[in-house]
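Spelled out from the first residue to the last, the chains are:
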Amino acid sequence: MDALQVIASATQIVSGMVGAISALEQASRNLDEAPKRIQSLSDFVYDLENLTRRIKQKHAYKLHNPQLDYQIQSLSSLIERLHPNISKARRIVSKSRAKNLAKVVWTSVAGDPLEKLVNSIRNDLNWWLESQRLAGSVEKVIESTAKTIPVRLKIKPEQGYPISSKCKFIRTSLELDSSNRVILIVGLSGIGKSCLARQVAADPPMKFVDGGVELGFGQWCSRAACNGSKDEYQRRLARKICKFLVQIGFWKKIGDENSGDLEYMCCLLQEALYGKSILILLDDVWEQDIVERFAKLYDNNCSYLVTTRNEAVYEITEAQKVELNKDDVKEISKAILLYHSFLSEEEVPGVAESLLERCGHHPLTVAVMGKALRKEIRAVKWEKAIIDLSTYATCAPGPVSYVNEKEAENTLTIFRSFEFSLEAMPEDSRRLFIALAALSWAEPLPEACLESVWSVVGQENLFPLVVCKLVEGSLLMKTDSFPLYQVHDMVSLYLDCKTNDSVKILFSESSPEGIAFISPWLLTFGKKTVKQIAEERTELCIGASEEKHAAITLDAVIQAVMASKSISELEASRASFISILGPRIEKLISSNSQDLIAVTAEAITMIFSKTDYQMYFPSLEYTDAIDKLVSTLEGCEDPMIQTNISIVLAKLAEFGSPDTVHKVLQSILINQLADLLSPNNEEWHESVLTTLMSLIKAGKSNAIERMYALEIDKSLIKLLENGSEVVQHHAIVTLKAFYEVGGPPANGFLEPSNLNLLPWQVRLSLERFVFSDKSIIPLAPKPQSFEDLILKLLDNDIKQVVEAMQDLIPIVEKAGDTGIRNMILQSPLIKRLSELLQCEHSEKNSMRSESAFLLTKLACSGGEPCIKKFLEHDIISELVKLMHCNVPELQDSSYMALHQMLFSNGGVLIINRVLQMGLIEKLAHSLEGRSMKTREVNMHCILDIVELGNKACLERMLSLQVVEKFVRNEKANGGSGETLAGFLRGIDKCKNLITAERKVMKQQVVRKAKAALKGHKLEVHILAALDACLIEGSKGAGSSSSTGRQRK
């Protein structure tokens, strides 16, 4: 229910209440009817309260505006005036019934008071209804006001961290002192700098009319973490600024979120903050230039709260420094302890003060100890905790790597709190936590990574319980969206001290199978020192004589690659594994283990790109690789193994010599592939069609002859009739390749009746194979006739031009013939059509529409030569302009023309031009246009580009917030999630992505959609549609994930 419906419902309820009041007045002399009428009134008020709550929730981020808040309060005010009067009426009726007075007595005693209350309630209701009539409608007024008010950015405050006097001091400084734009909050690690800053920024002074926003940096965004590489540091900082621009709602011309020129991003930052008044929290800053880049921005009224533990940042002279020390946190430490221990002031033992003193009142230490002592009321346990903290702090060596030696004692106390927390946990949780020290915590880690570590040290099915204990103990933090884990910087520092212990657990104390499995994960997500060990072990396992270990390692390689959170992360891990796997595929495929050959084939199909095939496959021509692969196929009944090995064989042919092509075609079991195209094998269809396309590219007519013999074309036609949208797409592409390369067979299964089942653009592509008579050479039209039509087309008379274009259609449809196509290309036809598209007078719209239709036909039949001619005359940009006009007929015809061009033989040229001219940006921005038709045609065009584009194109779309804009349109239209599902299906159809890239890209789309939908009423419905689409896509592609082979 939107806000307009809410207020309409409120008005309806109040009107109903007026009627109920009249009924109550009539029933005021009837003891039986009066209570029912009063209860009805009470129900009306309850409904009105619920509606008021919904309005407040919808506009929660705009209630800072006084006018908007006042308007919403009118409903609350009405409810407050109704409650006491209804309660009084109920008491009067109840009292009168108890005494059971006669009718006359009831009238004389209670009639007047009840009548007075009835009149009061009626007046209140009439007052409210009158106020709505005067304002037109409460919702209309609220919405019109809300639209003009910018969203006030908000930060979520830290739970369990009370507001301290230092928080009030910083707020006062921000309110009164406008000269210092930067406030540096300094202090010991874990003392609560970030929590304090969030408390301030969560409720910023009113002068920050645009609210507050938080941007975290951490050690990951520092020169030290980049090994001194200036380029890498600037790339990471640029990525952080990209994230900030997204947070504040600045979408224009944002580059790839994972890379970009730092100086350009700073220019965008200057533009984004122009005229803004935001309290910006820069959390955990490690480099001085980060603060300086923000502080030097001008023409804004922003201020900056900066938290840091790097003394180099302290040197910023223009900043006001606020130190957070023991005395500042002492006033709130008791409240923090009570919050985390789940105890009240009365329940907590008397030694709690001694524990707080031993903890130095340090918030992080207090929180960890509180959780370790949760619901513990025995004083002896608290005394033991105090003794343990003291003993550890006295005896333990300080952390060598820590930057501030003066914090050594504080650090040791914190570390001991971690030790104490671990001691209170089960052995499994303690062992997992120490094992996690091998991982790099510079960025959040996927849950699959932590689960892989646990699988080596514990029982797999217990992972959810074990990791939950670490989260409850504040040793791990889990994000809400997409299962990711991160740690506090002090926990990270503690884990640094345990790296050697972790390496010992994972590499020395684990079984050979466990080492084989965990090594690829640590190569991807481990610390730098651990990665070196993991790389050596991965190479050793893959090249080892023990084939079982090699298979386990390859299995883990697949899982680790697929756990990537982004395409850039995927590329990095893929490159590492390709360098190890590529030179060894000959040995792996030549092994005697069919399990190893099968998992090698799976790894190849998952992570190899075209370049990798070109580099490593030619060397296999001179080995027994083909024989080994075919031998594995024979007798194999596992469809996953069949499809993976078939793809590898087909790629060997595609990138091999003619002899290899011949050998593969003679050896590959095409009959197996034909069986997998049956309707009940839907999950393998996409993989089979990929194999067929590679065989067609390699073997051409020879491959097609074998496929015709097995009636594969018949199976493809059945898929067109019954398959899912993604499978239909791949079947169309394969069938078209059949007929373009080998021509239709004499007794083919594609008939005119089948064409009616196909999309119109596919009918245009395939109908010539059905209707053309190969024995008849198409006759070119008389040159004079064509010239006459061109002359009519060049005329200025609208009727003559339209007639000429209609007469040209039969000629254009035969542009597939070389002679006719050359005649068209040498004529001024295409140039004239381009000129007609540019006519802006409304009376010439029919010419523009006919021009677009003629271009559609020409793109379909003329192919790439005609597309090149279109590009010469800049027809693409003209069509995009037409898609943004206000004439629905022209918008449809221009989109259809562009759609056909994209799906023609020269479609890749169109994609390149769209990227070069920045038309993707225009299409993306149009998704927020006012016209529904404009949004519709641009959305369809974007989905076409998703289907035909490449990795760079899709990443560009994601950076332009296309997914978020799709979500906004779904919300506005009460949608079913079909556009988002179409985006996912487009990625499934895209032939320019490898399997791993496709999966990671879809994960990114779903993550963005979940974040944009969070809390919305359509969230469950749309996410269910996305889940269904993901399941459909996984069926079409086969099981890409590993089957979880036994490791221990």
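Scroll up for the structure.
Residues numbered from 1 in each chain as written. Predicted model: local features only at pLDDT ≥ 70, side-chain atom pairs only at ≥ 80, totals over all residues. Heavy atoms only, no water.

If you had to explain helix α10 (residues 288–295) to someone new, which residues and values would you point to?
Of all eight residues that make up α10, six are buried, and the element is covered over most of its length. All of the buried residues along α10 are D289, I290, V291, R293, F294 and A295. Lining the buried residues of α10 we find β1 (182–187), β2 (212–216), α8 (230–247), α9 (262–272), β3 (279–283) and β4 (303–307). (Buried < 20%, exposed > 50% of the residue type's maximum accessible area, 1.4 Å probe, protein only. Helix = DSSP H or I, 4+ residues; strand = E, 2+ residues; numbered from the N terminus. Contact = heavy atoms within 4.5 Å.)

Residues and numbers for the side chain of E947, please.
If you trace the backbone, E947 turns up in helix α47 (residues 932–948). Beyond its immediate stretch of four places on either side in the chain, E947 contacts H729, F903, G986, K989, C990 and K991.

Go over the nonpolar core with me, naming the residues and quoting the values.
Considering soluble globular proteins, one finds that nonpolar side chains tend to be buried as a cluster. Core analysis: the largest hydrophobic core is formed by 223 residues, its most contacted members being M901 and F983. No other element matches helix α32 (residues 685–709), which puts eleven residues into this core. Non-local contacts of M901, meaning those with residues more than four positions away in its chain, are made with L855, A859, I867, F870, I875, I876, L879, G906, G907 and I910. (Core = buried A, V, L, I, M, F, W, Y, C linked by side-chain atoms within 4.5 Å.)

An account of the sheet that holds β2 is requested, with residue identities and associated values reported.
Pairing within the open sheet is parallel, and its five strands lie in the order β2-β3-β4-β1-β5. Sheet topology places β2 and β5 (320–324) at the edges, where each strand pairs with a single neighbour. On average, adjacent strands in this sheet sit at an angle of 20° to one another, irrespective of strand direction. In the sheet, β3 pairs with β4 via four bridges, with the strands oriented parallel. Following the sheet pairing, L281 is matched in β4 by L305. (Pairing = 2+ DSSP bridges. Axes fitted to C-alpha atoms, helices over the stretch in contact; angles between N-to-C directions.)

Would you mind going over the sheet that holds strand β7 (residues 477–478) in detail, with residue names and values included?
Read across the sheet, three strands follow the order β6-β8-β7 without closing on themselves; strand pairing throughout is antiparallel. Looking at strand neighbours, the two that pair on one side only are β6 (445–446) and β7, the edges of this open sheet. Summarising the sheet, β6 and strand β8 (residues 484–486) pair through two bridges and their orientation is antiparallel. What sits directly across from P446, in β8, is L484.

Could you give me a rundown of helix α44 (residues 888–902), with the residues and numbers involved?
In this model, α44 (15 residues) spans 21 Å end to end at C-alpha, consistent with the 21 Å of a helix rising 1.5 Å per residue. By the criterion of burial, α44 is predominantly enclosed, with eleven of the 15 residues buried. Taken together, the buried positions of α44 are L890, Q891, S893, S894, Y895, A897, L898, H899, Q900, M901 and L902. (Expected span 1.5 Å × (residues − 1).)

Mind laying out the packing of helix α28 (residues 625–633) against helix α29 (residues 639–654), listing which residues take part and the relevant values?
Between α28 and α29, the least distance of the axes is 10 Å, while the angle of their chain directions is 155°. Our classification of the angle between α28 and α29 gives roughly antiparallel. Where α28 crosses over α29, the two elements pack in a sense that is left-handed. Here I626, L629, V630, T632 and L633 of α28 lie close against α29, whose contacting residues are I641, Q642, I645, S646, V648, L649 and L652. When the residues that make up the contact of α28 with α29 are grouped by side-chain class, the tally is nine nonpolar, three polar and no charged. (Parallel < 35°, antiparallel > 145°, perpendicular 65-115°, else oblique. Left-handed = near helix turned anticlockwise from the far one by under 90°. Nonpolar A, V, L, I, M, F, W, Y, C, P; charged D, E, K, R; others polar.)

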